[in-house]
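# Per-entry structural report
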Amino acid sequence: MSDAAALPGQPRGLVASGPATARAVNVLAPNPSAMTLDGTNTWLLSEPGSDLAVVVDPGPLDEGHLRHVIDTAEKVGKRVALTLLTHGHPDHAEGAGRFAELTGTAVRALDPALRLGDEGLGAGDVVTVGGLELRVVPTPGHTSDSLSFHLPADRAVLTGDTILGRGTTMVAHPDGRLGDYLDSLRRLRSLTVDDGVHTVLPGHGPVLEDAQGAVEFYLAHRASRLAQVETAVEAGHRTAAEVVAHVYADVDRSLWPAAELSVRAQLEYLRDRGLI
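As the structure is a prediction and not an experimental result, all values here were calculated from the model. (Residues numbered from 1 in each chain as written. Predicted model: local features only at pLDDT ≥ 70, side-chain atom pairs only at ≥ 80, totals over all residues. Heavy atoms only, no water.)

## Re the overall build of the protein chain
Operational definition: Runs of E in the DSSP output that reach at least two residues are strands. Runs of H or I that reach at least four are helices, and both are numbered from the N terminus. When a residue's accessible area, from a 1.4 Å probe over protein chains only, is under 20% of the maximum for its type it is buried; when over 50% it is exposed; and in between it is partly exposed. Contact criterion: two residues are considered in contact whenever any of their non-hydrogen atoms come within 4.5 Å of each other. Surface exposure here means Shrake-Rupley accessible area, sampled with a 1.4 Å probe, where a residue is shielded only by the protein chains that are shown.
Along the backbone of the protein chain there are seven helices and eleven strands. Scored against the burial criterion, the 276 residues of the protein chain give a buried share of 51%. Here the contacts in the protein chain between residues at least 6 apart in sequence split such that 62% fall between residues at least 24 apart. Counting every atom, the protein chain has about 11700 Å² of accessible surface; 51% of that belongs to carbon and sulfur.

## Side note on the environment of Ala-53
Residue placement: Ala-53 occurs in strand S4 (residues 52-56). Linking Ala-53 and Ala-81, residues 28 residues apart in sequence, is a C-alpha distance of 5.7 Å. Residue contacts for Ala-53: discarding those within four places in its chain leaves Leu-44, Leu-45, Ser-46, Lys-78, Arg-79, Val-80, Ala-81, Leu-82 and Val-129.

## Some points on the packing of helix H1 (residues 63-75) against helix H3 (residues 96-103)
Quick reminder of the rule: To obtain each axis, a line is fitted to C-alpha atoms, and for helices this fit is confined to the stretch in contact; angles are then taken between N-to-C directions over 0 to 180 degrees. The scheme is simple: roughly parallel for angles under 35 degrees, roughly antiparallel for over 145, roughly perpendicular for 65 to 115, oblique for anything else. Handedness of a helix crossing follows the sense of rotation of the near helix relative to the far helix, less than a right angle counterclockwise being left-handed and clockwise being right-handed. Under this grouping Gly is polar, as are all residues other than the nonpolar Ala, Val, Leu, Ile, Met, Phe, Trp, Tyr, Cys and Pro and the charged Asp, Glu, Lys and Arg.
Two elements in contact, H1 and H3, have axes whose closest approach is 10 Å; the angle formed by their N-to-C orientations is 45 degrees. By the angle class used here, H1 and H3 are oblique. Where H1 crosses over H3, the two elements pack in a sense that is right-handed. Contact residues: Glu-63, Leu-66, Arg-67, Val-69 and Ile-70 in H1; Arg-98, Phe-99, Leu-102 and Thr-103 in H3. Partitioned by chemical class, the residues of the contact of H1 with H3 number five nonpolar, one polar and three charged.

## Comments concerning the sheet that holds strand S9 (residues 147-151)
The criterion, for reference: Strands were regarded as paired on the criterion that DSSP finds at least two bridges between them.
On the basis of which strands lie adjacent, the open sheet formed by five strands has the order S7-S8-S9-S10-S11 and mixed pairing. Whereas interior strands pair on both sides, the edge strands pair on one side only; in this sheet they are strand S7 (126-129) and strand S11 (199-202). Adjacent strand axes in the sheet meet at a mean angle of 25 degrees when their direction is disregarded. Examined bridge by bridge, strand S10 (residues 156-160) and S11 share four bridges and lie parallel to one another. Directly across from Val-157, in S11, lies its bridge partner Val-200. Its contacts with the sheet put helix H4 (residues 178-194) on strand S8 (132-138), S9 and S10, and the angle it makes with S8 is roughly 145 degrees.

Here it is in structure tokens:
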């Protein structure tokens, strides 16, 4: 058994529904897969003593899960007052419309197509509900509409798919761009250095206790993959599929389609900079 403290980001352990910080409760969606790991983490956030809550990423369109999120809030005397989305991928956002019907809440997101209500989300926005404060942090790269949410009172950040609790994420080319993603990782690193963030509440996988370590691991991993892709191209592997077969040979083949998206993003990044 691996020592969690020795793993990147110091994962807390098994993924399960329940409290993660003083203000964050995870309600794990029943959609495990190679891409979603244990399932989507739907985050229920509220200030201690408040009867209002915010939900981040209702998850898939699964009636049982959506009602379980509401029940989890109601069991501790809270009412869901707002729904937020980190990005528009179905495993995070598909259930948002139905969840809004069940709770009577607005849905706020960066992408106007995902919003229900008049307000969106953007850089510098501060969301306040029942005394809870969330600061919106743009983190494009995985997708163009990816956001993270800084929860300063818990020295935590909700990262969606930008940083996962286990493994690494893909850059969903062509919507996602590697240059944007690297900038986003650096932005998250500044939260750990300048704002004291130490906990990552990811969209999938376990809570990470060492936010800075997680970000540094992701940056090092991307630099290593870029070097491998550049070397593969120099060796004559020209297409994304050829590069994947060469660079990701030790990765489960079921993940190769996602890896190919990331490779396309890496090839674009290298070409734009005249490196290949």
